[in-house]
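Residue strings, one per chain:
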Amino acid sequence: MHRVVCPGSFDPVTNGHLDIISRTAGLYDEVIVAVLINITKHSLFSVDERIDMLTEVTKGYGNVRIERFHGLLVDFCAANGITAVVKGLRAVTDFEYEMQMAQMNYRLAKVETLFMTTNPLYSFLSSSLVKEIAKYGGDVSGLVPEIVLDRLHTRLAEE
Ligand code: PNS
């Protein structure tokens, strides 16, 4: 049984994240999408809201589970019998930081990291850019799932 984790902030989940999650679900027995609880980082959506959106957009996959975690990712892996981390790589700019984390996680607890290249349709996509563009009235449809688009518009209208 190979259980892997796709960790992240998912503030909010994008079609790029979903692409990685769905392809990972096709390769492994179980995928845990782990949402980092980071109280120091200002987020647009609460962890509960992010988990709600992730649950909704992954409900079609029988082997994807959404969880939250705080502290070290390697501790979450140990507590959940997770053998590897799967991360999406968009461009070389992601590589340096991702490699550093991958090597540190291996050094800490022998947790492996597997990189999946993103679909080129989404290689420019990030949650931060989506939030910035939506905030200034730009069109982000097609970049995030419909339910996220609705919640994004509602949240930004409230602010
Ligand atoms: O979506 P993000 O914000 O790029 O995700 C980053 C994340 C959550 C994968 C990374 O920050 C992480 O693993 N944080 C948990 C704390 C930890 O284990 N830090 C040491 C990394 S070597």
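It should be noted that the structure appears before, not after, this text.
Note that the structure is a prediction, hence the values are computed from the model and not measured.

Chemist: How would you explain the environment of E132 if you had to name every residue and give the values?
Modeler: Its place among the elements puts E132 in helix α5 (residues 127-135). Since its relative accessible area comes to 48%, E132 is described here as partly exposed. For the pair formed by E132 and F95, sequence separation is 37 residues and the distance between their alpha carbons is 23 Å.

Chemist: Which residues make up the site of the ligand, and what values go with them?
Modeler: In the vicinity of the ligand there are 13 residues, among which G8, S9, G71, L72 and L73 approach most closely. Note that an oxygen atom of the ligand is positioned 2.6 Å from one of the side-chain N or O atoms of S9. Here an oxygen atom of the ligand sits 2.8 Å away from a polar atom, N or O, in the main chain of L73. Protein coverage of the free-state accessible area of the ligand, which is 550 Å², stands at 73%. When each cavity is represented as a set of grid points, the ligand is found to reside in the largest pocket. Listed by contribution, the elements that provide at least two residues to the shell around the ligand are β1 (3-8) and α4 (92-109). With three residues, the single largest contributor to the shell around the ligand is α4.

Chemist: So what's going on with the sheet that holds strand β2 (residues 30-36)? Residues and values would help.
Modeler: Spatially, β3-β2-β1-β4-β5 is the arrangement adopted by the five strands of the open sheet, whose pairing is parallel. Of all strands in the sheet, those bounded by a partner on one side alone are β3 (64-69) and β5 (112-117). Averaged over all neighbouring strand pairs, the angle between strand axes comes to 30°, with direction disregarded. As paired elements, β1 and β2 share six bridges and run parallel to each other. Paired with V5 across the strands is I32, a residue of β2. Strand contacts of α4: β4 (84-89) and β5, with the helix running at about 175° to β4, the strand carrying the most contacts.

Cut-offs used in this document
For every chain, the first residue of the written sequence is number 1, and numbering continues from 1 along that sequence. With pLDDT at 70 or above as the cut-off, local features in this predicted model cover only qualifying residues; side-chain atom pairs require 80 or more to be listed or tallied, and sums for whole chains, interfaces and linings still use all residues. Just so you know, side-chain values use all the structure's heavy atoms and leave hydrogens and water out. Starting at the N terminus, helices and strands are each numbered in turn, a helix being any DSSP run of H or I of at least four residues and a strand any DSSP run of E of at least two. Buried residues are those whose accessible area, probed at 1.4 Å on protein chains only, stays under 20% of the maximum for their type, while exposed residues exceed 50% and partly exposed ones sit between those limits. By convention in these notes, a residue is near a molecule or strand provided one of its non-hydrogen atoms lies within 4 Å of it. Within 3.5 Å is the distance limit for a polar contact, defined as a pair of N or O atoms, with the added protein rule that one can donate a hydrogen and the other accept it, and that residues adjacent in sequence qualify only through two side-chain atoms. Only the protein chains shown count as covering a residue, and every accessible area follows the Shrake-Rupley method with a 1.4 Å probe. Cavity and pocket criteria rest on a 1 Å grid covering protein atoms alone: a 1.4 Å probe that fits but cannot get out defines a cavity, protein on both sides within 12 Å along at least 5 of 7 lines defines an open pocket, and an atom within 4 Å of a point defines a lining residue. More than half of a molecule's atoms within 2 Å of the grid points is what it takes for that molecule to sit in a cavity or pocket. Note on pairing: two strands pair once DSSP finds at least 2 bridges between them. Axis definition: a line fit to C-alpha positions, over the contact stretch in the case of helices; interaxial angles, taken between N-to-C directions, run 0 to 180 degrees. Every residue pair with non-hydrogen atoms within 4.5 Å of one another is taken to be in contact.

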